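Next come the chains, spelled out residue by residue.
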Amino acid sequence: MSSYGAIGVDDNDTDPLLDDEPPRRLPPAGGVPIGRRRAISASQIGSVPSQSVTRQPYLFTGGLGLRDESLLSLHSEDDLHREHNNALRYRLYNRLDPGGEHLMMPDHVLPPNLFSILPFEELKDVSGKQGSIVTIFSIWNTMMGTSLLAMPWALQQAGLVLGIVIMLVMAAICFYTAYIVIESPKRLQDLSIDPLMAEFSDVCKSLFGRVGEYCAVIFSVCVLIGGIIVYWVLMSNFLYYTGAVVYEAMQPNSTTIPVMENKTFTCDVYCPEQTSQWTIPQWEKQIYDAVSELEGGETGEDSWSFDKFWTLRGTVPIYLAVALFPLMNFKSPTFFTKFNVLGTISVMYLLMFVFSKLLECGVNMDFTNPNSMHYVQLANMHFPALSGTLTLSYFIHNAVLTILRNQKNPENNARDLSIGYCLVAFCYVFIGFTFFAAFPVQRSCISDNFLNNFGAGDVLSSTARLFLLFQMITVLPLLMFLVRSQLFYAIFGETWPGAVRVIILNVLLIGIAVGFATFYPNVGSILRYVGSISGLVYVFALPSMVYLKQSAAAGTLTPLKKYAHYGIVAIGVLNLIAQFVI
């Protein structure tokens, strides 16, 4: 929990209270209620009837503005400030909900540490809050996802100059709409919603009713499911190549990596085979061959060969599903949040990896000769591939309120968000431009996962695959938890409606992910379509409509503001249409 302005929240505030003795006398009007406060232990919570647990008077011995030397000797500045905030918070909650029987933290409000890069609570300050540095890097870490691997491909689709311009323009638009999201709870006129704990779906529900809430939840879940699919495709890829390296290393006198045979090497970069996007594994033939071998219909020393049971688009995605399914069913993902810092480390590694390839291969760009292998297009008509990908790449709108809820200084929210977006834009431009500039063969060979441009025998790329595989395994349960929390709360009103329903949902999600990894493992296309569809609603439309609605209610809406925000929605619509037209 966190504070906005003078009203703060302490972690102990969620503890139920017992009434040890009758409330003490209240001070004059405007004072703080005085009584005695005692938290129930974990063993006592279950024994206390729910109807008897109400908000009791809060004891704040420091008064409002009282600075006594004896008091300061017993309590630290942070303790006094926190208690002062709690007293004010008590008064606010008492006005919203006299008696304290109804106002509580909603189940769908996510814990702020879910996105924090600090692995342990002990690293936070005494108030349990995080400073601006941690907040900025949490925003940066949350946005820097799988689309980083597709950025050189997306830049090649748009052309060098046009691509960089689109990267910066999309960053500015997404930052602005994310800023609208973080400001929207404070502008609510609905007193039944606590602006400290409100999610953006609550804002949409307050302004547009159930339709607005469901739109926010559905398209937030769509983004998360798209992330799960991309993760599964990439994890299958990383596991396949890692397994190939291990198997080849175990062979006697092996000097050739099978996946690298008959390739033309330049700076350890090669052009992967161009296969049809709709190539479907021959499942029936594979099953028939396996049955024939079991019946003795075929014999041979390679009838049970490694290549037959270790296929990128056949068996590996299924092996992954069997191995990871138990991790998806934990009720709480707290353990996996300890590994959030791995995201920061992996991004740093990729930045150094790409820069090392630039030093190794040099700059290979020709702006004058269209027939040159190194010719660079400054603009390309396939730019919607980049704009669609960036919509998802800059998407943090469904998590930004959760991240900033733990901010120690909420007045810095806008500044920290802008710095976070600047860091993300820099990383995308750096990765995209550096790999693009150094690529030593025709740029049509750039893969939508740039690690595919390196063979399994490349040490740096193999290390990146192994590290990213482990990092994605720790992040995947968090994505599944977010989908489960938002979906089940919208349907059943609770985030854990029972183990059976959770398992059924997880089976469906993993089945979808395995299907994409098998039949359509095109990371770039998945990113652009999910980004353009979900981004239209959650990045462009909903924040703009919320701003217009709140400005109209406040009497500050001008024609310029109206048409500017209609223009943002129009950009989202054109971005979606362009994915299927251009």
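Calculation rules
Residues numbered from 1 in each chain as written. Predicted model: local features only at pLDDT ≥ 70, side-chain atom pairs only at ≥ 80, totals over all residues. Heavy atoms only, no water. UniProt positions renumbered as here; feature names shortened; annotations may be inferred. Helix = DSSP H or I, 4+ residues; strand = E, 2+ residues; numbered from the N terminus. Buried < 20%, exposed > 50% of the residue type's maximum accessible area, 1.4 Å probe, protein only. Areas by Shrake-Rupley, 256 points an atom, 1.4 Å probe, with all protein chains shown as cover. Salt bridge = Lys/Arg side-chain N within 4 Å of Asp/Glu carboxyl O. Polar contact = N/O pair within 3.5 Å; in protein donor to acceptor, adjacent residues only side chain to side chain. Core = buried A, V, L, I, M, F, W, Y, C linked by side-chain atoms within 4.5 Å. Contact = heavy atoms within 4.5 Å. Phe/Tyr/Trp six-rings, centres within 6.5 Å; stacked < 30°, edge-to-face > 60°. Lys NZ or Arg CZ within 6 Å of the ring centre and 35° of its normal. Expected span 1.5 Å × (residues − 1). Axes fitted to C-alpha atoms, helices over the stretch in contact; angles between N-to-C directions. Parallel < 35°, antiparallel > 145°, perpendicular 65-115°, else oblique. Left-handed = near helix turned anticlockwise from the far one by under 90°. Patch = residues over 30% accessible without salt bridge, like charges linked within 9 Å, V, L, I, M, F, W, Y side chains within 5 Å. pLDDT = per-residue confidence, 0-100.

- In the annotation of an unreviewed UniProt entry, the protein chain is listed under the name Amino acid transporter transmembrane domain-containing protein and assigned to Caenorhabditis brenneri.
- Looking at the protein chain in UniProt, the text filed under Sequence similarities (unreviewed entry) is "Belongs to the amino acid/polyamine transporter 2 family. SLC38A9 subfamily."

Concerning the overall build of the protein chain
Working step 1: Looking only at helices and strands, the protein chain features 19 helices and zero strands.
Working step 2: Of all 582 residues assigned to the protein chain, the portion counted as buried reaches 51%.
Working step 3: Here the protein chain has roughly 27100 Å² of accessible surface; of this, 64% comes from carbon and sulfur atoms.

Regarding the pattern of salt bridges
Working step 1: With the rule as written, the count across this model stands at five salt bridges.
Working step 2: As a salt-bridge pair, K186 and E183 come within 3.3 Å of each other at their nearest N and O atoms.
Working step 3: Of the charged contacts in the structure, one is a salt bridge between R210 and E213, with a shortest N-O distance of 2.8 Å. Taken together, the residues span about one helical turn, with R210 and E213 both in helix α7 (residues 200-250) at a distance of three residues.
Working step 4: Accessibility expressed as a relative area gives 45% for R210, which makes it partly exposed.

Considerations on the side chain of T518
Working step 1: Secondary-structure assignment places T518 in helix α17 (residues 499-519).
Working step 2: Among the polar contacts listed, one links the side chain of T518 to the backbone oxygen of V514, at a separation of 2.8 Å.

Re the nonpolar core
Working step 1: By size, the foremost hydrophobic cluster in this structure holds 119 residues, and its most contacted members are F200, W232, Y394, F450 and L476.
Working step 2: Among the elements that line this core, the one with the most residues is α7, at 20 residues.
Working step 3: With residues near it in sequence (within four places) discarded, F200 still touches V181, S184, L401, Y538, L542, P543 and V546.

Digging into the packing of aromatic side chains
Working step 1: Taken as a whole and judged by the stated rule, the model has 20 aromatic pairs.
Working step 2: Look at F175 and Y421: their rings are 5.9 Å apart centre to centre, the planes differ by 70°, and that puts the pair in the edge-to-face class. On the criterion of sequence distance, the pair formed by F175 in helix α6 (residues 160-183) and Y421 in helix α15 (residues 413-438) is long-range, its members being 246 residues apart.
Working step 3: A relative accessible area of 24% means that F175 is categorised as partly exposed.
Working step 4: Residue classification places Y421 among the buried positions, given a relative accessible area of 2%.
Working step 5: Taken together, a centroid distance of 5.2 Å and an interplanar angle of 75° make the contact between Y240 and Y241 edge-to-face. Comparing Y240 with Y241, the two get one shared label, buried.
Working step 6: Grouping aromatic residues by their ring pairs yields a cluster made of Y349, F353, F435, F439, F450 and F454.
Working step 7: If you follow R443 out to its NZ or CZ, it ends over the ring of F436, 4.8 Å from the centre.
Working step 8: The positively charged end of R465 is found above the aromatic ring belonging to Y241, 4.6 Å away from the centroid.

What to know about the environment of Q579
Working step 1: Mapped onto the secondary structure, Q579 falls in helix α19 (residues 559-581).
Working step 2: By relative accessible area, which is 3% here, Q579 ends up buried.
Working step 3: Expressed as a C-alpha distance, the spacing of Q579 and L386, which sit 193 residues apart in the sequence, is 9.8 Å.
Working step 4: Side-chain polar atoms of Q579 contact the backbone oxygen of N575, separated by 3.0 Å.

Description of helix α18 (residues 523-554)
Working step 1: Over its 32 residues, α18 runs 44 Å from end to end, which matches the ideal 46 Å to within 8%, given 1.5 Å per residue.
Working step 2: Across the 32 residues that make up α18, a large majority, 25, are buried.

Section: the packing of helix α5 (residues 147-158) against helix α13 (residues 384-393)
Working step 1: Interhelical geometry of α5 versus α13 gives an angle of 155° and a closest axis separation of 8 Å. Looking at the two axes, α5 sits roughly antiparallel to α13. Handedness of the α5/α13 crossing: left-handed. Facing S147, M151, W153, A154, L155, Q157 and A158 of α5, the residues of α13 in contact are A385, L386, T389, L390 and S393.

Section: the environment of L392
Working step 1: Residue placement: L392 occurs in helix α13.
Working step 2: For the pair L392 and S147, spaced 245 residues apart in the sequence, the C-alpha separation amounts to 7.9 Å.
Working step 3: When near neighbours in sequence (up to four residues on either side) are disregarded, L392 contacts V223, L527, V530 and G531.

With respect to α5
Working step 1: In a regular helix each residue adds 1.5 Å, so 12 residues correspond to 16 Å; α5 covers 15 Å between its end C-alpha atoms and thus fits that length.
Working step 2: Burial analysis of α5 places 12 of its 12 residues in the buried class, the great majority of the element.
Working step 3: Buried within α5 are the following residues: S147, L148, L149, A150, M151, P152, W153, A154, L155, Q156, Q157 and A158.
Working step 4: The positive-phi residue at the C-terminal boundary of α5 is G159, with phi of around 95°.

Examining a nonpolar patch on the surface
Working step 1: A surface patch of nonpolar side chains, about 670 Å² in accessible area, is lined by M381, I533, V573, I577, F580, V581 and I582.
Working step 2: Turning to its location among the elements, I577 is positioned in helix α19.

Overview of the side chain of R528
Working step 1: Examined against the element boundaries, R528 turns out to sit in helix α18.
Working step 2: Reaching out from R528, the side chain makes a polar contact with the side chain of Q579 at a distance of 2.8 Å.

A short note on the confidence of the model for the protein chain
Working step 1: Considering every residue of the protein chain, the mean pLDDT works out to 77; 70% of them sit at 70 or more.
Working step 2: For the stretch residues 258-265, pLDDT sits under 50, and the model shows 15 contacts to residues farther than four places along the chain or on other chains.
Working step 3: Considering only residues more than four positions removed or in separate chains, one finds that residues 274-284, a stretch of pLDDT under 50, has 18 contacts.

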